[in-house]
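So you can see what is in the structure, the chains are spelled out below.
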Amino acid sequence: MQWKLKAKIQNIVSYLPKAASYNAYYWIQRHFGGLRRVNPLKALIGGIETWKRIKSQDRSPSGKVFFEVGTGRIPLVPLAYWLMGAEGTISIDLNPYLKEELIAESLRYISENEGEVLKLFGSLLDNDRFNSLLNFTKKTSFSTTEFLNLCQTSYIAPGDAADTRLPDNSIDFHTSYTVFEHIPIDILREIIGEGNRIIRKNGLFVHRIDYSDHFSHSDKSISAINFLQYGDDEWQKYAGNRYMYMNRLRHDDFIILFESAGHRILGS
């Protein structure tokens, strides 16, 4: 879809009352967008990459507590953490986007493509947990609550990652997967500040950030930096809505952001 048309549709839908807006946008995504066919592998890979980054710092993620900013539609990154041995994940989202039918479809994909998933995780996989997941997918009825309990995921939505109400020093790893690019910088400062409070002394912040213009993912006629040619006011007219807000921060901006919060950059 041509990106300006997509932006116009998103803006129109965002003007609807919140509940109606969410339902309408989900319907559009399911019938015309990226949710027509569910493939969980990309998000699982995101969890695996985070796990490997932690291990590359000579830390053991096994038996540890993860915190995830931005659950999205399907809690696949927390699932990946659990399949590799995490104690559990606290996943928080500003909006209650979770969809039971998408979770069920993702688990069905995993069950039907068992070999591909096994290859994806390799030696990182906890085989007992994976077998428990496969047995869960065979149940005649599906329950999101039962699934979250299985993979030890605490889902908070609507929630505020800048004010989690969690105890001090209660998590080991503060993570997100292609979420930080959608949050205004002032709120990012608050989220990182709150993260500093809830993370343990030897914890890590591990965040995957997509610096590209997300409209370029579906409109191949524009470049990954197309959005940088527009001033703030003009860009706000295209992507100032809740569905496609992008802060357009660059890599150096994020380094400054983290370092100003007292962090030392270990890898990027």
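About the thresholds
- Going along each chain's sequence as written, the residues are numbered from 1 onward.
- Predicted model: local features are reported for residues with pLDDT of at least 70 only, side-chain atom pairs are reported and counted for 80 or more only, and whole-chain, interface and lining totals are derived from all residues.
- To obtain the side-chain values, all non-hydrogen atoms of the structure were used and water was disregarded.
- Whenever Lys or Arg places a side-chain nitrogen within 4 Å of a carboxyl oxygen from Asp or Glu, that contact is recorded as a salt bridge.
- Each helix corresponds to a stretch of at least 4 residues labelled H or I by DSSP, and each strand to a stretch of at least 2 residues labelled E; elements are numbered beginning at the N terminus.
- Residue exposure (1.4 Å probe, protein chains only): buried if accessible area is under 20% of the type maximum, exposed if over 50%, otherwise partly exposed.
- Axis definition: a line fitted to C-alpha atoms, limited for helices to the stretch in contact. Angles are taken between N-to-C directions and run from 0 to 180 degrees.
- Small angles under 35 degrees read as roughly parallel and large ones over 145 as roughly antiparallel, with 65 to 115 read as roughly perpendicular and the rest as oblique.
- When the near helix sits turned anticlockwise from the far one by under a right angle, the crossing is termed left-handed; a clockwise turn instead gives a right-handed crossing.
- What makes two residues a contact is simply this: any of their non-hydrogen atoms within 4.5 Å.
- Criterion used throughout: strands pair if DSSP finds at least two bridges between them.
- Here, the term right-handed applies to a crossover whose path from the first strand over the helix to the second runs clockwise when the strands point away from the viewer.
- Pairing of aromatic rings covers Phe, Tyr and Trp, the last counted by its six-membered ring, and requires centre-to-centre distances within 6.5 Å; plane angles under 30 degrees mean stacked, over 60 mean edge-to-face, and any other angle means tilted.
- Note on criteria: charge over ring means Lys NZ or Arg CZ within 6 Å of the ring centre, with the direction from the centre no more than 35 degrees off the ring normal.

## Quick word on the pattern of salt bridges
Okay, so step 1: Summed over all chains, the structure comprises 11 salt bridges.
Okay, so step 2: Residues R30 and E101 are paired through a salt bridge, measuring 3.7 Å at the closest nitrogen-oxygen approach. Taken together, the residues R30 in helix α2 (residues 18-32) and E101 in helix α5 (residues 100-112) connect sequence positions 71 residues apart.
Okay, so step 3: Assessed through its relative accessible area of 18%, R30 is described here as buried.
Okay, so step 4: Here E49 and R208 are joined by a salt bridge, their closest N and O atoms 2.8 Å apart. You can see E49 sitting in helix α3 (residues 41-56) and its partner R208 sitting in strand β5 (residues 199-208), a full 159 residues away along the chain.
Okay, so step 5: Looking at R208, the relative accessible area reads 39%, which means it is partly exposed.

## Considering the environment of S268
Okay, so step 1: Relative to the elements of secondary structure, S268 occurs in the segment after α11 (251-260).
Okay, so step 2: For the pair S268 and H207, spaced 61 residues apart in sequence, the C-alpha to C-alpha distance is 9.3 Å.

## Examining the packing of α3 against helix α6 (residues 114-121)
Okay, so step 1: α6 packs onto α3 with a crossing angle of 25° between their chain directions and a minimal axis gap of 10 Å. It follows that α3 is roughly parallel to α6 by the angle criterion. The element α3 and its partner α6 pack so that their crossing is right-handed. Residues L41, L44, I45 and I48 of α3 lie in contact with α6, whose contacting residues are E116, V117, L120 and F121.

## Regarding the pairing of β5
On any regular strand, side chains alternate: one points to one face of the sheet, the next to the other face.
Okay, so step 1: For strand β4 (residues 171-177) and β5, the ladder comprises 6 bridges, and the chain directions are parallel. Looking at β5, one finds that T175 is bridged to V206.
Okay, so step 2: Crossover β4 to β5 through helix α9 (residues 185-198) is right-handed.

## Observations regarding the environment of A239
Okay, so step 1: The topology assignment puts A239 in helix α10 (residues 232-239).
Okay, so step 2: Measuring from C-alpha to C-alpha, the distance between A239 and K8 comes to 8.9 Å, with 231 residues separating the pair along the chain.
Okay, so step 3: Non-local contacts of A239, meaning those with residues more than four positions away in its chain, are made with F215, M244, Y245 and M246.

## Here we look at the packing of aromatic side chains
Okay, so step 1: Under the definition given, this model contains 20 aromatic pairs.
Okay, so step 2: Ring geometry for W27 and F32: centres 5.7 Å apart, planes at 65°, overall edge-to-face.
Okay, so step 3: For W27, a relative accessible area of 46% puts it in the partly exposed group.
Okay, so step 4: Against the face of Y26 rests K99, its NZ or CZ located 4.5 Å from the ring centre.

## Quick word on unusual backbone geometry
Glycine aside, a negative phi is what most residues show, and trans is what most peptide bonds show.
Okay, so step 1: P158 follows A157 through a cis peptide bond whose omega is -5°.
Okay, so step 2: Looking at the element boundaries, P158 is found in the loop between β3 (153-156) and β4.
Okay, so step 3: Within the chain, Q152 stands out as a residue other than glycine whose phi angle is a positive 50°.
Okay, so step 4: In this structure, Q152 sits in the loop between α8 (144-150) and β3.
Okay, so step 5: Judged by relative accessible area, which is 44%, Q152 ranks as partly exposed.

## So, the pairing of strand β1 (residues 65-69)
Okay, so step 1: With 5 of its 5 residues buried, β1 lies for the most part within the structure.
Okay, so step 2: Burial of β1 is two-sided: the residues V65, F67 and V69 facing one way and the residues F66 and E68 facing the other way are all buried.
Okay, so step 3: Pairing of β1 with strand β2 (residues 88-92), which is carried by 5 bridges, proceeds in the parallel orientation. Directly across from E68, in β2, lies its bridge partner S91.

## Observations regarding the side chain of E194
Okay, so step 1: Within the secondary structure, E194 is located in helix α9.
Okay, so step 2: Residue E194 is classed as buried on the basis of its relative accessible area of 9%.
Okay, so step 3: Setting aside chain neighbours within four positions, we find E194 in contact with A161, A162, D163, T164 and R165.

## Things to note about the side chain of T175
Okay, so step 1: Structurally, T175 is set in strand β4.
Okay, so step 2: Exposure remark for T175: the relative accessible area of 0% places this residue in the buried category.
Okay, so step 3: Those residues in contact with T175 that sit more than four places away from it in its chain are T50, F66, F67, E68, V69, Y81, V206 and H207.

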